[in-house]
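# Topology and contacts: notes
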Amino acid sequence: MRIARFSIDGNVAFGAVEGDSAPGAGGEPVLDIIKGIPFADFELSGTKVPLSKVRLLPPVLPNKVVAVGRNYAEHAAELGNAVPDAPITFFKPSTSVIGPGDPIPYPSFSQDVHHEAELAVVIGRMCREVPRERVAEVVLGFTCANDVTARDVQKREQQWARAKGFDGACPLGPWIETGIGPAAVAAGLAVQCTVNGEQRQLGSTADMVRSVEDLVVHISEAMTLLPGDVILTGTPAGVGPLSVGDEVAVTIEGIGTLTNKVIKRG
């Protein structure tokens, strides 16, 4: 199931996406409005609205986004870094989260902002100290993410909070795909990023240094994960600069495409 969060006529709801949203697929996708929330037992209401008539929002409003750095060896190498002995984790604040179609404001304190296409894990239930064999039970599904990074700020500041946590630095969407599990991620999903239609990144989740299970176990050893929390799993090689006016799209096999435009920060 694909679960989207959306607004229509001033109301916010969750809905199950029905139909193929790919260009040329034929037929208009619709949202079957969910009675309840996707983090508990819910029913489909049978009330359907066309996808084209709603505004898609970030599929979740996370309490926290825990991101992982250098989880693809080629990406680590392209920036002159080694793969770390333990996962590098950092936070992106909830205020950095935006949805599909929302603008990415170019931060005034940077001159070198990069795209980073990533697979995002959406946590479905409160959990801590999760055993490896139970990781699939706490994962609601997966979505697309862009770990937008002020690279020059990241290089000159020892902490990454400003470089990766500015407003608009965490686009998520377009929805949560619940039909994919950690095993499918390990087998390999294509991760692609285009800028103005030109391919910049193309990798596979099969090349992640540490698996979804590794990351959930590692992070939940230290902190309680809440329903709607998000884990960013790292980016493949090919990261590069964005400019005001660019349209950046992250596509993940089996999930969909997350598109945002870079604007001048007001």
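Up top you'll find the structure we're talking about.
About the criteria used
Residues numbered from 1 in each chain as written. Predicted model: local features only at pLDDT ≥ 70, side-chain atom pairs only at ≥ 80, totals over all residues. Heavy atoms only, no water. Helix = DSSP H or I, 4+ residues; strand = E, 2+ residues; numbered from the N terminus. Buried < 20%, exposed > 50% of the residue type's maximum accessible area, 1.4 Å probe, protein only. Contact = heavy atoms within 4.5 Å. Core = buried A, V, L, I, M, F, W, Y, C linked by side-chain atoms within 4.5 Å. Pairing = 2+ DSSP bridges.

## Some words on the environment of Glu 18
Take Glu 18: it is sitting in strand β2 (residues 11-18). With a relative accessible area of 27%, Glu 18 lands in the partly exposed category. For Glu 18 and Lys 48, which are 30 residues apart along the polypeptide, the C-alpha to C-alpha distance reads 9.3 Å. Non-local contacts of Glu 18, meaning those with residues more than four positions away in its chain, are made with Pro 29, Val 30, Asp 32 and Lys 48.

## Points about the nonpolar core
Counting residues in each nonpolar core, the largest one holds 54 residues, and the members touching the most others are Leu 31, Phe 142, Val 185, Ile 231, Ile 252 and Ile 255. It is helix α6 (residues 212-220) that contributes the most residues to this core, five residues altogether. Apart from the residues lying within four places of it in its own chain, the contact partners of Ile 255 are Arg 2, Leu 119, Phe 142, Thr 143, Cys 144, Trp 175, Glu 177 and Ile 180.

## Some words on unusual backbone geometry
Omega for the bond connecting Gly 173 with Pro 174 falls within 30 degrees of zero, at 5 degrees, which places this linkage in the cis form. Locating Pro 174 in the fold gives a position in strand β14 (residues 170-177). Positive phi, normally seen in glycine, also occurs at Arg 70, with a value near 55 degrees. If you trace the backbone, Arg 70 turns up in the loop between β6 (65-69) and α1 (73-78). Since its relative accessible area comes to 23%, Arg 70 is described here as partly exposed. For Asn 196, which is not a glycine, the phi torsion comes out positive at approximately 55 degrees. Locating Asn 196 in the fold gives a position in the loop between β15 (190-195) and β16 (198-204).

## Quick word on the pairing of strand β1 (residues 2-8)
Counting buried positions over the seven residues of β1 gives five, a clear majority of the element. As judged from the two bridges shared by β1 and β14, these two strands associate in the antiparallel manner. Note that in β14 the partner of Arg 2 across the bridge is Glu 177. Bridging between β1 and β2 involves six bridges; their strand directions are antiparallel. When the bridges of β2 are listed, Ser 7 appears paired with Val 12. As consecutive antiparallel partners, β1 and β2 are separated by two residues, and within that stretch Asp 9 has a phi angle of approximately 55 degrees, a positive value. With two bridges joining them, β1 and strand β5 (residues 55-56) adopt antiparallel strand pairing. Residue pairing across strands places Phe 6 opposite Leu 56, the latter belonging to β5.

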